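The residues making up each chain are set out below.
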Amino acid sequence: MQQTEKYWNLINRVVLVAIVLMAGVGVVLAFTPKVRQLKDFQNRHDTLQLRIDETMAYELELKEKQRRFNSDPEFVERVAHEVGYARTNETIFLFPEETGSF
């Protein structure tokens, strides 16, 4: 009778260990897609945050140009010359940029 109880105890332990291992594997398999999804969301968040930062920097640059257009006549004249506008008594010379080497 003692021998039979030993075997049953051994079988119970083996089954218990197998159940615990299967539960552990199940938990890992259940959460692996969620962890991957979280990483994807974090990468997307970082990408979008970078775009937001770039857009905000560009907005500040445009606001600075707008402020200078309202308060700095030399800036307005320089931008007008860059675009190709000139006063009636001015001549603007545009030189083509050299792209090749000798």
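Everything quoted here is computed from the prediction, not taken from an experiment.

**Remarks on the overall build of the protein**
At step 1: Looking only at helices and strands, one finds two helices and zero strands in the protein.
At step 2: Computed over C-alpha atoms, the radius of gyration of the protein comes to 37 Å, more than 25% over the 13 Å expected from 2.2 N^0.38 for 102 residues, which places it beyond the range of a compact globule.
At step 3: Here the C-alpha coordinates of the protein stretch approximately 120 × 45 × 15 Å along the principal axes.
At step 4: Counting over 102 residues, the protein shows a buried share of 1%.
At step 5: A total of about 10200 Å² of accessible surface is found on the protein, and carbon and sulfur atoms cover 62% of it.

**A word on the pattern of salt bridges**
At step 1: This model, assessed by the stated rule, comprises six salt bridges.
At step 2: Residues Lys 63 and Glu 59 are paired through a salt bridge, measuring 3.3 Å at the closest nitrogen-oxygen approach. With a gap of four residues between them, Lys 63 and Glu 59 both fall in helix α1 (residues 2-71), about one helical turn apart.
At step 3: The salt bridge partner of Glu 61 is Lys 65, with a shortest N-O separation of 3.9 Å. Of this pair, Glu 61 and Lys 65 both sit in helix α1, four residues apart, which is roughly one turn of that helix.

**Comments concerning a nonpolar patch on the surface**
At step 1: A cluster of nonpolar side chains, namely Tyr 7, Trp 8, Leu 10, Ile 11, Val 14, Val 15, Ile 19 and Met 22, defines an oily patch on the protein surface of about 840 Å² accessible area.
At step 2: Its location among the elements puts Trp 8 in helix α1.
At step 3: Relative accessible area serves as the criterion here: at 51%, Trp 8 is assigned to the exposed category.

**Notes on α1**
At step 1: In this model α1 runs 101 Å from its N-terminal to its C-terminal C-alpha over 70 residues, within 8% of the 104 Å that 1.5 Å per residue would give.
At step 2: Along α1, the largest kink reaches about 30° and is centred on Phe 31; proline Pro 33 follows within four residues of it.

**Topic: the packing of α1 against helix α2 (residues 73-83)**
To describe two helices that pack against each other, one gives the angle between their axes and the distance between the axes.
At step 1: In contact at an axis separation of 6 Å, α1 and α2 are set at 110° when each is read in the N-to-C sense. In terms of orientation, α1 and α2 fall into the roughly perpendicular class. Across the interface between the two elements, Lys 65, Arg 68, Phe 69 and Ser 71 from α1 touch Pro 73, Phe 75, Val 76, Arg 78 and Val 79 from α2.
At step 2: Taken together, the residues of the contact of α1 with α2 sort by class into five nonpolar, one polar and three charged.

**Focus: the packing of aromatic side chains**
At step 1: Summed over all chains, the structure comprises one aromatic pair.
At step 2: On the basis of an interplanar angle of 70° and a centroid distance of 5.2 Å, the ring pair of Phe 69 and Phe 75 is categorised as edge-to-face.
At step 3: Here Phe 69 falls in the partly exposed class, since its relative accessible area comes to 41%.
At step 4: The class for Phe 75 is buried, based on a relative accessible area of 6%.

The rules we used
- Residues numbered from 1 in each chain as written.
- Predicted model: local features only at pLDDT ≥ 70, side-chain atom pairs only at ≥ 80, totals over all residues.
- Heavy atoms only, no water.
- Helix = DSSP H or I, 4+ residues; strand = E, 2+ residues; numbered from the N terminus.
- Rg over C-alpha atoms; globule rule 2.2 N^0.38 Å.
- Buried < 20%, exposed > 50% of the residue type's maximum accessible area, 1.4 Å probe, protein only.
- Areas by Shrake-Rupley, 256 points an atom, 1.4 Å probe, with all protein chains shown as cover.
- Salt bridge = Lys/Arg side-chain N within 4 Å of Asp/Glu carboxyl O.
- Patch = residues over 30% accessible without salt bridge, like charges linked within 9 Å, V, L, I, M, F, W, Y side chains within 5 Å.
- Expected span 1.5 Å × (residues − 1).
- Bend = angle between axes of the 7 residues up to and from the residue.
- Axes fitted to C-alpha atoms, helices over the stretch in contact; angles between N-to-C directions.
- Parallel < 35°, antiparallel > 145°, perpendicular 65-115°, else oblique.
- Contact = heavy atoms within 4.5 Å.
- Nonpolar A, V, L, I, M, F, W, Y, C, P; charged D, E, K, R; others polar.
- Phe/Tyr/Trp six-rings, centres within 6.5 Å; stacked < 30°, edge-to-face > 60°.

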